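Here is what each chain is made of, one letter per residue.
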Amino acid sequence: MAKSNRSFENTSFTKTINDYISYKRALGYNARGSYQKFFVSLGVFLSRYLTTTPPVLNFEMVNDYIFQGNGKNKPRTIHNRMSAIRQIAIFMNMTNPGNYVFPEERIIKVSKGDFIPYIFTHEEIMRLDASFASIPTHNWAPFRPLVYPMLFRVLYCTGLRVSEALNLLLTDVDLENGILLIRKPKNNHDRLVPMSLSLWEAVKKYYLAMGFPTGNTIYFLPTAKGNNYNPFSVTQTFKQLYRDCGIFTSKGNLPRIHDLR
């Protein structure tokens, strides 16, 4: 099928992607953050093709999407593309049959590999804690010196994913009993996470220092505008502090933020 000469000429796929995201959320899935961005990028790719309204996925479009990149893609990337384009085709066939569905048996298997997470020493954790406690403030981020030390302690003490911590609402934090409510995590089931006594006390002090009763935010770890932080910007800040503290893996790389788990 011919591609259009103008980028993003066909907006039907954009609507399809938006409808799919709304459909997943209606089923109870989070479908935000990196998941949403991945499917939005899929919609942008498909929008370069001239097609009908409603749009129709054919073999050529599916094959082009999966194998873009001149063979330089990692197996994990290919696996994700195969799974995503298959999900979209199945969704589209619910209302407009005739879309090509990539066969499930052809989706390549990706092993977890032999990746070994970085194990922080007690001394490194103490250095990081001190570094986060002295993190500088900015005019555009007045809560930063309070939020980042709290985020670091929550991640280290509870084993939460960074997205789970950043999505915590004030109503998810039970100050009376020292429990965190994690809503719709990766396995789509809410769960309760008890806080250690030290974290519980730190959360109480943090709550008072932030002045939450003013009602300017619904998030436990808010930005200056009352929203939750972007995981990418948080990851960059953590990496910078790892670097400042001289914490590197045996291969000379910076640890991942989820290595704190």
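Below, the structure is looked at part by part. Treat the numbers as computed from the prediction; the structure is a model and nothing was measured. (Residues numbered from 1 in each chain as written. Predicted model: local features only at pLDDT ≥ 70, side-chain atom pairs only at ≥ 80, totals over all residues. Heavy atoms only, no water.)

## Digging into the packing of helix α6 (residues 144–158) against helix α9 (residues 231–244)
When two helices pack together, you describe them by how their axes are tilted relative to each other and by the distance separating the axes.
Argument step 1. Contact geometry for α6 and α9: axes closest at 12 Å, N-to-C directions at 85°. Accordingly, the angle class assigned to the pair α6 and α9 is roughly perpendicular. Listed contacts from α9 to Arg144, Tyr148, Leu151, Phe152 and Leu155 of α6 are Ser233, Val234, Thr237 and Phe238.
Argument step 2. Grouping the amino acids of the contact of α6 with α9 by side-chain chemistry returns 6 nonpolar, 2 polar and 1 charged. (Axes fitted to C-alpha atoms, helices over the stretch in contact; angles between N-to-C directions. Helix = DSSP H or I, 4+ residues; strand = E, 2+ residues; numbered from the N terminus. Parallel < 35°, antiparallel > 145°, perpendicular 65-115°, else oblique. Contact = heavy atoms within 4.5 Å. Nonpolar A, V, L, I, M, F, W, Y, C, P; charged D, E, K, R; others polar.)

## Side note on the nonpolar core
Side chains of a nonpolar character, in soluble globular proteins, are inclined to be buried together.
Argument step 1. By size, the foremost hydrophobic cluster in this structure holds 42 residues, and its most contacted members are Met150, Leu180, Phe220, Val234 and Phe238.
Argument step 2. Sorting the residues of this core by element identifies α5 (122–133), α6, α7 (162–166), β2 (179–182), α8 (197–210) and α9 as the ones contributing at least two each.
Argument step 3. If one sorts the elements of this core by residue count, α6 sits on top with 7 residues.
Argument step 4. Aside from chain neighbours lying at most four places away, what touches Phe238 is Phe132, Tyr148, Leu151, Phe152, Leu155, Ile257 and Leu260.
Argument step 5. Counting 25 residues, the second largest nonpolar core, distinct from the first, contains Phe13, Ala84, Ile88 and Phe102. (Core = buried A, V, L, I, M, F, W, Y, C linked by side-chain atoms within 4.5 Å. Buried < 20%, exposed > 50% of the residue type's maximum accessible area, 1.4 Å probe, protein only.)

## Side note on the sheet that holds strand β3 (residues 191–194)
Argument step 1. Read from one edge to the other, the open sheet built from 3 strands follows the order β1-β2-β3, with strand pairing classed as antiparallel. Sheet topology places β1 (173–174) and β3 at the edges, where each strand pairs with a single neighbour.
Argument step 2. Note: β2 against β3, 4 bridges, orientation antiparallel. Looking at β3, one finds that Leu181 is bridged to Leu192. (Pairing = 2+ DSSP bridges.)

## Section: the packing of helix α1 (residues 12–26) against helix α2 (residues 33–46)
Argument step 1. Here α1 crosses α2 at 155°, and the two axes come no closer than 8 Å. For the element pair α1 / α2, the angle class is roughly antiparallel. Of the two possible hands of crossing, α1 and α2 adopt the one that is right-handed. Facing Phe13, Ile17, Tyr20, Ile21, Lys24 and Arg25 of α1, the residues of α2 in contact are Tyr35, Gln36, Phe39, Val40, Leu42, Gly43 and Leu46.
Argument step 2. A breakdown of the residues in the contact of α1 with α2 according to their chemical character gives 9 nonpolar, 2 polar and 2 charged. (Left-handed = near helix turned anticlockwise from the far one by under 90°.)

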